[in-house]
Amino acid sequence: LVVHLGQVSSVHEQFEDELAMRQMIDSGVVDHGQLDALRQAVITRRRAEAEPCLSAAAASLKELVAMAEPHRVTIGLENRYHYHEIPSPDEYAVLFDGYTPDEVGYWHDTGHAEVLDRLGFVDKHAWLDRWSDRLVGAHLHDVIGIGDHRAPGDGDVDWSYITSGVGHLRAFTLEINQHQADEKVRAATTFLEGIGLR
């Protein structure tokens, strides 16, 4: 079961600063000084306000595991699309504490990792470098700029680190925007097989 575990509480202000960053990048007119200032404001605010939200997320996770365990359902905690969302790579250590991989694991979303890297928040390698051994599933999709959910192979993601990080999974989920052309969706499986993801 893929779970989005929440966010740091003052979402409105954090999202507005991050949204301004995204709009600037999408427009193609980037003021690097302003971009850096917005990024630092978001990072600082998240760091200052994260702890009670992370504790609440951990409490919710405990309830979810209690409900899922009798049904032998594994909770997959997905890396998220926005920086204010929980968990960050480091926060997984807190959330995994006390649970077996059959109870709670890591769910990797390729586009989310890529976009947060391109915004300068989290190195895209941080997720799989740290949590590949706890991986229970993956959403595979490609990215152009900071737009994700493109068919794998229809973007500019460097798939080499993804292949090495998720290649041990038996299956993957393609999470492709419904506006992608049918031929691009069909081509995705051929592309993935070509890079070693079958």
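This one's a predicted model, so the numbers in the text were calculated from it and none came from an experiment.

## So, the packing of aromatic side chains
One pass over the full model with this rule turns up 7 aromatic pairs. When the centroid spacing of 5.4 Å and the interplanar angle of 45° are considered together, the rings of tyrosine 92 and phenylalanine 96 count as tilted. Highlighted residues: tyrosine 92 and phenylalanine 96, both in helix α3 (residues 91-96), separated by 4 residues, approximately one helical turn. By the burial criterion, tyrosine 92 is buried, and phenylalanine 96 matches it.

## Quick word on unusual backbone geometry
Along the chain, isoleucine 86 connects to proline 87 via a cis peptide bond; the corresponding omega equals 10°. Unusually for a residue other than glycine, histidine 149 sits at a positive phi of about 65°. As for its position among the elements, histidine 149 is in strand β6 (residues 147-150).

## Observations concerning the pairing of strand β4 (residues 135-140)
In terms of residue burial, β4 counts as a mostly covered element, since 5 of its 6 residues are buried. Examined bridge by bridge, β4 and strand β7 (residues 173-174) share 2 bridges and lie parallel to one another. Within β7, the position partnered with leucine 140 by the bridge is leucine 174.

## Here's the deal with the environment of tyrosine 99
Considering the arrangement of structural elements, one finds tyrosine 99 in the loop between α3 and β3 (104-109). Spatially, the C-alpha atom of tyrosine 99 lies 8.8 Å from that of valine 65, the residues being 34 residues apart in sequence. Ignoring anything within four residues of it in the chain, the contact list for tyrosine 99 reads Ala58, Leu61, Lys62, Val65, Val104 and Arg134.

## Considerations on the pattern of salt bridges
For the coordinates displayed, the defined rule picks out 12 salt bridges. The shortest N-O distance in the salt bridge between glutamate 18 and arginine 22 comes to 2.6 Å. With glutamate 18 and arginine 22 both in helix α1 (residues 11-27) and 4 residues apart, the pair spans about one turn of that helix. For arginine 22, a relative accessible area of 5% puts it in the buried group. Between arginine 118 and glutamate 114 there is a salt bridge, with its nearest N and O atoms 3.1 Å apart. Residue arginine 118 and its partner glutamate 114 are located together in helix α4 (residues 110-118), separated by 4 residues, close to a single helical turn. For arginine 118, a relative accessible area of 26% translates into the label partly exposed. Three or more residues joined by partner-sharing salt bridges are found here, namely Glu114, Arg118, Lys124 and Asp156.

## What to know about the sheet that holds strand β1 (residues 2-3)
Strand order in the open sheet formed by 5 strands is β1-β2-β3-β4-β7, with parallel pairing between adjacent strands. Unpaired on one side and paired on the other, β1 and β7 mark the two borders of the sheet. This element, helix α2 (residues 32-68), spans β1, β2 (75-78) and β3 of the sheet and lies at about 150° to β2.

## What to know about the side chain of histidine 139
Structurally, the position occupied by histidine 139 is in strand β4. A distance of 3.4 Å separates the side chain of histidine 139 from the side chain of tryptophan 107, its partner in a polar contact. Contact partners of histidine 139, with chain neighbours within four places excluded, come to Val2, Glu78, Trp107, His108, Asp109, Thr110, Thr173 and Glu175.

## Observations regarding the nonpolar core
Counting 48 residues, the largest nonpolar core has Leu61, Ile75, Leu77, Val104, Tyr106, Phe121 and Val166 as the members making the most contacts within it. Sort the elements by how many residues they give to this core and α2 lands first, with 11 residues. In this structure tyrosine 106 touches Leu77, Asn79, Tyr92, Phe96, Trp127, Leu128, Trp131, Arg134, Leu135, Val136 and Gly137, once residues within four positions along its chain are discounted.

## Quick look at helix α7 (residues 182-194)
Taking 1.5 Å per residue as the helical rise, α7 with its 13 residues ought to reach 18 Å, and the 19 Å between its terminal C-alpha atoms agrees with that figure. Where α7 bends most, at alanine 188, the angle is about 30°. Two residues or fewer past α7, glycine 196 is found with a positive phi of approximately 95°.

Rules used throughout
- Residues numbered from 1 in each chain as written.
- Predicted model: local features only at pLDDT ≥ 70, side-chain atom pairs only at ≥ 80, totals over all residues.
- Heavy atoms only, no water.
- Phe/Tyr/Trp six-rings, centres within 6.5 Å; stacked < 30°, edge-to-face > 60°.
- Helix = DSSP H or I, 4+ residues; strand = E, 2+ residues; numbered from the N terminus.
- Buried < 20%, exposed > 50% of the residue type's maximum accessible area, 1.4 Å probe, protein only.
- Pairing = 2+ DSSP bridges.
- Contact = heavy atoms within 4.5 Å.
- Salt bridge = Lys/Arg side-chain N within 4 Å of Asp/Glu carboxyl O.
- Axes fitted to C-alpha atoms, helices over the stretch in contact; angles between N-to-C directions.
- Polar contact = N/O pair within 3.5 Å; in protein donor to acceptor, adjacent residues only side chain to side chain.
- Core = buried A, V, L, I, M, F, W, Y, C linked by side-chain atoms within 4.5 Å.
- Expected span 1.5 Å × (residues − 1).
- Bend = angle between axes of the 7 residues up to and from the residue.

Purely geometric stuff here, so don't read any function into it on its own.
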